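For reference, the chains in residue letters:
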Amino acid sequence: MLRCSGLSKSFEKELFSNFDLELEPGEIIAITGPSGCGKTTLLRCICGLEKPDSGEIYLNDENIGNTETELRGVGMIFQKPVLFPHLSVQGNLRLGDKTGDIEKALLEVGLADFEQRNVASLSGGEGQRVALARALLAEPKVLLLDEPFSSLDEDLAMKLVKDVRAILKQRECPAILVTHNKRVAEEFADSVISM
Amino acid sequence: MYKFTAIVVLLIFNLATPGCLTESIDDGEPVKPEQYEYTDDGELVIVTYDVYGLTDEMLERFENQSGYEVSLLKLDDSGSVLDHLLQHKGLQVADLAIGLDNTYLQTALDNNVFWEHNALLNNISDSALQPYDGPLAVPFDQGYICLNYDSEVVDGENYSVPTSLWELTSDEWKGKVAIPSPETSSPGRAFMTATTDYFAHDEDNQSEWTDWWSAMSSNEVIITTGWSEAYETRYTGGYGEWTDGHVGDAHIVVSYCHSPGVESWYNGNWTKSAALDISRSSFHQVEYVAAIEGGNLDSASAFIEYLLTPEINSMMPIENSMYSALEGFDLPEENGYRFNSVVPDEPANVSSATIAKNMETWLEMWNNAMVDA
Amino acid sequence: MLEMKFKFSNSCAVLAYTLLVILPLWLALDRLIWVAGPNPIDWLSSLERNYIAQGVVQFTFIQALLSTLATLAIGLPIAWQLGRYKWPLQSLTKAILTMPFVMPSIVAAMGFLHIVGRAGLNIRIDESTWFLTLIIAHAWFNMALVIRFCEPVISTLDPRLEEQMRLLPAGSNKIRRFRNLWAPLLAPSIAAAACMTFVFSFTSFALVRWITLGENTLESVMAGIGSSAGIKGYMVSRNEIVLGSSMIQFTILLLSLVLMSWLQQKRQSLLPQVSEDIVKKSNPRGWYVIGPGLIFALSPLIAVFGASFRIRNTDSSGTNYTWETSGWEYAFTSSSSMTSAWDALYNSLGYAALTLIIAVPLGWILAQTILDLEEFNPKMARALDVLTMLPFAISSVMIGLGVMLGMIKIDAEFFYSFWPTPALAHVMITTPFVVRIMLPALRSIDPSYDECGRTLGIPKWKRFIQIQLPMLRGSILVAVIFTLAMSLGEFGASWVVTRNSDWTTLPVMIDSLKSIPYNNSLTAPAACAVSSVLMGITLLLFTWAEKFRPARDGGMF
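Fair warning: this is a prediction, and the values are worked out from it, not measured in the lab. (Residues numbered from 1 in each chain as written. Chains lettered and ligands numbered in written order. Predicted model: local features only at pLDDT ≥ 70, side-chain atom pairs only at ≥ 80, totals over all residues.)

1. Some details on the overall build of chain A
Here is step 1 of the chain: When you go through chain A residue by residue, the secondary structure sums to seven helices and nine strands.
Here is step 2 of the chain: Taken against the 2.2 N^0.38 rule, which gives 16 Å for 195 residues, the C-alpha radius of gyration of chain A at 16 Å falls within 12% of a compact globule.
Here is step 3 of the chain: For chain A, buried positions account for 46% of its 195 residues.
Here is step 4 of the chain: Considering only residue pairs separated by 6 or more positions, chain A has 74% of its internal contacts joining residues 24 or more positions apart. (Helix = DSSP H or I, 4+ residues; strand = E, 2+ residues; numbered from the N terminus. Rg over C-alpha atoms; globule rule 2.2 N^0.38 Å. Buried ≥ 20, exposed ≤ 12 C-beta atoms within 10 Å, placed from the backbone. Contact = placed C-beta atoms within 7 Å.)

Okay, here's the thing in structure tokens:
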């Protein structure tokens, strides 16, 4: 489980200070707030892409504040599906886990037989599913999601929200979603925090 | 940021007060024989310019006879050879230098770039030894530098044969005279030296030699870097006509008094080029071969010996288009070689001591004369 | 903000660059000033006080100016036709027309020499024809710049803009349209092409050396007297001339760098976003421009190749020509007085490979360092950026002199027996280009790719191989090919440094062969034979580069 205490970060102005967070195993929470309030930065601090000014982060009682991103075991889904254009769907998935079961992973996200597809030909929704499959193949201890649904149209987004929640719950993978859309937050998460 | 600017300022300052690490070439004495240190690596590296006489056959014969492997470091002209010797002093890049003449030699000697060879020599003619007879450089050929003219063009109708150098400053010769530069070419430097003597004895015009050069500069004289550009590319009277790059805008050129003989030899006893024998306008040139200090003395000396053997040196007129340096060998008679070659009655009389003392100043004066025209 | 860990590799790269590139130049300058004295007025005035340098500055400027005008006059119509209309084999046509730019200058010199010389049209009469030939040769080289810079703009202009223009009084006739639409649109590209053409013509060496007898540019004068430089008390005036010439060159080149970067910004905003779905017509009358253009682009190369087989036979009855391969045989056999073309080829390829191994990684790391620095110390980043561009402002002869004089100062004996020494000059010349190619390429990679890789637990070295490398493949290949081509064709610096037969490269060998005086009828064909070899390799590299070039860059490479 994930525990953050006293996280503070300022960049020209104060983004957040003394922020605490606790995530139980299998729990999904969402953090909402207007744009620019620092939600993305918070996520980036948790996964190690940025360093907070102060505070600690514990994952399964281990202080990961000084660990490299690559070694933290924290996965992340970005706003746009970051799929490597020089690799196929299969190639992208292999980046998550070289020896994993690609077929099963694709099935899990509802994209059976997509292995050989060219990533440029995927729609926004399909792309995020692949990104999810890839992230899950890496067996993260926590999954962070940085507004992955906001660039999709409403109906598609809601379908995806339901599917992703189901997958995460089935795996008992704790997750933190950041979004400015209250509805998405409520559908996706067990509890919602406002920033 | 400040550290950075400080460093930059320091570096610029250092540039303005230069060279604590650099030193001049040499203030010392020539290396004595007892101090000789060199390795005989079985090779002979010769630094020279494109000397016709160093044919592949001649070099291969030497290689077979002596067992040394020869390679040539070919530069543009005598000036480049001298530059090379000075730049690479002590670096043991080359073993032998060929191509400095009696107007270039002194600078090399002053800077101790040569050392004594141990070749066995005999029968070198007095005229070849006259400018220098010391142990540091050996003459291997000689000749008289003088003006040549294209007798088909200079036939008395459009152009008349000049009888004095001042005539060349007239309008009819505008842009029609080609002279190699004394700064880079040995025939060029030899000719310039001759003019210092010519104008010292010129009764008609009480002028300085530099005045003449200034006048030539105004008269669009063609100054080339080397002899071959002047003779081959520019001159209309010589073999250059048959070469690809020929331009042919000059009818008078500085070359050798025996160059018409050479033309005749190759053309089967016919030449349209003729030597211009005006008193004191020609110069006795001797060309030297010398062992470079620090180089392979054995292979260098072996080559010097080879070059001065009668078999090889007697072939100088044919292989190298120059007179032999040995006593008793003249130009061949066949094909009108000897007939068409002129031996000047009164070449310029400039002693080696005078050359040694004045050459640097002369070159400066020459440069200023050409610029101030 | 990401905390910057200045990695060991970054420091190594900057240090290596400073040692390899900056230091020799520094030492060379130091040595020259030690001989010539620290007074810049002396250096500049020496150009007028010395006979060999008289008139050089004027000649350099005038021929560069006229070359620029000629290039625009020839290049613009071609760019116009290419951009406006449809042509069969479009990319091939464009490739042929832009190919002259990558040709080694010595090959071009041989080509033009054989077209106008006695073996060709025989119009090489006097100074005015040589001068004209030089101008045209420069235009031959640089028309590629005009085409590369202007054609994309012409080609992708939204047709609606032009249609709109025709309906307005400001566009009621062709001249008006040109003045109000095309001229402002193309002005930055034309200016950039003119600027670069001026620079290349200004620093011209091989062409000046061979085509205009007796005339010198600052570059060729420096090359000619460079061997006399750096010796205390000997030919001091020559050191002054070198310093004066390099000062002038440096100033001009620096100004043009500044101008180019300013123009670059303007051009970026004008590069239209419209895709190329515009339907183009074909223009049969345009063949009057494109046809001669193609012939013009190809003729020097054909001339060189042909001349390599044409042997002149002269005897008392006259001159005639036969077609044989003896020129090639002569070039490829070695003798005591001349290395064979095989050795020169070996040296050229060796130096090119060595340059590649050093310049590409070095340039890459420097580009990456600049990017990394931009995040936490932008001033340092800018400084490093400028530092990597410094060699652009230094001509190739000066770089050669830098290597020669700089190396003498450090340890002459070592460097004169160290075969890789000339490659140093090549590294100095090519590394800035690698930085220039890699920097925008690295910038274009979205940082999220790397971040995503990190969140997936992929370690840095694996991210480099599996993510960065494949995504940069096109640019890396262009950098590689460009470095190879530049090294193989490099003339100025190599000419100054490799006056030693062991190290001769193909371009220097071509020059040496052609310089051999006397009536040997094989030397000119041999020079052409070696030129053909160099030409062939360059063409090969050029075609590969064309395949991998990013389509719509409108840039120089």
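2. What to know about the overall build of chain B
Here is step 1 of the chain: Looking only at helices and strands, chain B has 14 helices and 10 strands in total.
Here is step 2 of the chain: Here chain B holds 373 residues, and 53% of them are scored as buried.
Here is step 3 of the chain: A separation of at least 24 residues holds for 77% of the contacts in chain B among residues at least 6 apart in sequence.

3. Considerations on unusual backbone geometry
Here is step 1 of the chain: A positive phi angle, near 55°, is found at Glu172(A), a position not held by glycine.
Here is step 2 of the chain: Summarising the element assignment, Glu172(A) is placed in the loop between α6 (154–171) and β8 (175–179).
Here is step 3 of the chain: Even without a glycine there, the phi angle at Leu89(C) is positive, about 50°.
Here is step 4 of the chain: For Leu89(C), the position within the fold is in the loop between α3 (56–84) and α4 (90–98).

4. Some remarks on the nonpolar core
Note on soluble globular proteins: their nonpolar side chains tend to be buried together.
Here is step 1 of the chain: Counting residues in hydrophobic clusters, the biggest one holds 258 residues, and the most contacted among them are Leu96(B) and Val530(C).
Here is step 2 of the chain: Excluding its chain neighbours within four sequence positions, the residues that come into contact with Val530(C) are Ala331(C), Ala341(C), Ala344(C), Leu506(C), Met509(C), Ile510(C) and Leu513(C).
Here is step 3 of the chain: If you look at the next biggest cluster of nonpolar residues, it comprises 63 residues, including Ile28(A), Ile64(A), Val74(A) and Phe188(A). (Core = buried A, V, L, I, M, F, W, Y, C linked by C-beta atoms within 7 Å.)

5. A closer look at the interface of chain C and chain B
Here is step 1 of the chain: The interface of chain C with chain B comprises 45 residues on the first partner and 47 residues on the second.
Here is step 2 of the chain: The set of elements that each furnish at least two residues to the side of chain C that touches chain B consists of α1 (8–36), β1 (310–315), α15 (378–389) and α16 (396–416) of chain C.
Here is step 3 of the chain: The dominant element in the side of chain C that touches chain B, judged by the number of residues it contributes, is α1(C), at five residues.
Here is step 4 of the chain: For the side of chain C that touches chain B, a count of residues per class yields 17 nonpolar, 16 polar and 12 charged. (Nonpolar A, V, L, I, M, F, W, Y, C, P; charged D, E, K, R; others polar.)

6. Re the packing of α4(C) against helix α6 (residues 127–155) of chain C
Residues and elements named next belong to chain C.
Here is step 1 of the chain: At their nearest, the axes of α4 and α6 sit 8 Å apart, and the two run at 140° to each other. By the criterion of interaxial angle, the relationship of α4 to α6 is oblique. Residue-level inspection shows Lys 94, Leu 97 and Thr 98 of α4 in contact with α6, the latter providing Ala 144, Ile 147 and Arg 148. (Axes fitted to C-alpha atoms, helices over the stretch in contact; angles between N-to-C directions. Parallel < 35°, antiparallel > 145°, perpendicular 65-115°, else oblique.)

7. Details of the interface of chain C and chain A
Interface size is commonly expressed as the accessible area that is lost once the parts come together.
Here is step 1 of the chain: The interface of chain C with chain A comprises 17 residues on the first partner and 19 residues on the second.
Here is step 2 of the chain: Elements with a contribution of two residues or more to the side of chain C that touches chain A: α18 (447–455) and α19 (460–471) of chain C.
Here is step 3 of the chain: Examining the composition of the side of chain C that touches chain A, we find that six residues originate from one element, α18(C), more than from any other.
Here is step 4 of the chain: Split by residue class, the side of chain C that touches chain A holds 10 nonpolar, four polar and three charged.

8. Notes on the environment of Gly226(C)
Residues and elements named next belong to chain C.
Here is step 1 of the chain: Structurally, Gly 226 is set in the loop between α10 (218–225) and α11 (236–270).
Here is step 2 of the chain: With 116 residues separating them along the chain, Gly 226 and Trp 342 place their C-alpha atoms 28 Å apart.
Here is step 3 of the chain: Gly 226 has contacts with Val 242, Val 397, Leu 401 and Val 496, leaving out every residue within four places of it along the chain.

9. Some points on the packing of helix α5 (residues 105–116) of chain C against α6(C)
Residues and elements named next belong to chain C.
Here is step 1 of the chain: Taken N-terminus to C-terminus, the directions of α5 and α6 make an angle of 135°; their axes are 11 Å apart at the nearest point. The orientation of α5 relative to α6 falls into the category oblique. Regarding α5 and α6, the two cross each other, and that crossing is right-handed. Each of Ala 108, Phe 112 and Val 116 in α5 lies in contact with α6, whose residues at this interface are Thr 129, Thr 133, Ala 137, Trp 140 and Phe 141.
Here is step 2 of the chain: By residue class, the composition of the contact of α5 with α6 is six nonpolar, two polar and no charged. (Left-handed = near helix turned anticlockwise from the far one by under 90°.)

10. So, the sheet that holds strand β6 (residues 74–77) of chain A
Residue and element names in this part refer to chain A.
Here is step 1 of the chain: One open sheet accounts for five strands, arranged β6-β7-β8-β3-β9; its pairing is parallel. Only two strands of the sheet have a single partner each, and these edge strands are β6 and β9 (191–194). Looking at each pair of strands side by side, their axes are set apart by 20° on average, direction ignored.
Here is step 2 of the chain: Bridge analysis of β6 against strand β7 (residues 142–146) gives four bridges, and the strand direction is parallel. When the bridges of β7 are listed, Gly 75 appears paired with Leu 143.
Here is step 3 of the chain: Its contacts with the sheet place helix α5 (residues 124–137) against β6 and β7, and it is angled at close to 175° to β6. (Pairing = 2+ DSSP bridges.)

11. Let's talk about the confidence of the model for chain B
Residues and elements named next belong to chain B.
Here is step 1 of the chain: For chain B, per-residue confidence averages 87 on the pLDDT scale, and residues scoring 70 or more make up 90% of the total.
Here is step 2 of the chain: Contacts from residues 18–27, a stretch scored under 50 in pLDDT, to residues over four places away or in other chains number 21 contacts.
Here is step 3 of the chain: Overall fold confidence for the complex sits at a pTM of 0.86, while the interface term, ipTM, reaches 0.89. (pLDDT = per-residue confidence, 0-100.)

12. Describing helix α14 (residues 352–371) of chain B
All names here are of chain B.
Here is step 1 of the chain: Given a rise of 1.5 Å per residue, 20 residues ought to cover 28 Å, and the 27 Å separating the end C-alpha atoms of α14 matches this to within 8%.
Here is step 2 of the chain: Of the positions making up α14, those classed as buried are Ile 355, Trp 362, Trp 366, Asn 367, Ala 369 and Met 370.
Here is step 3 of the chain: Against the buried residues of α14 lie α4 (105–110), α6 (186–200) and α7 (209–218). (Expected span 1.5 Å × (residues − 1).)

13. Some remarks on the confidence of the model for chain A
Here is step 1 of the chain: Confidence along chain A averages 87 in pLDDT terms, with 100% of residues attaining 70 or more.
Here is step 2 of the chain: Looking across chain A, the model is least confident in strand β2 (residues 13–23) of chain A, with a mean pLDDT of 85, and most confident in β7(A), with 92.

14. Considerations on α5(A)
Residue and element names in this part refer to chain A.
Here is step 1 of the chain: With 14 residues, α5 extends 20 Å between its outermost C-alpha atoms, agreeing within 8% with the 20 Å of an ideal straight helix rising 1.5 Å per residue.
Here is step 2 of the chain: When you tally the buried positions in α5, you get 13 out of 14 residues, the bulk of the element.
Here is step 3 of the chain: Positive phi shows up at Glu 139, right after α5, with a value of about 50°.

15. Some thoughts on the environment of Ala423(C)
Residue and element names in this part refer to chain C.
Here is step 1 of the chain: With respect to the element layout, Ala 423 can be found in helix α17 (residues 421–444).
Here is step 2 of the chain: On the neighbour-count criterion, Ala 423 (27 C-beta atoms within 10 Å) is buried.
Here is step 3 of the chain: Once you skip the residues sitting within four places of it in the chain, Ala 423 turns out to touch Tyr 351, Leu 354 and Thr 355.

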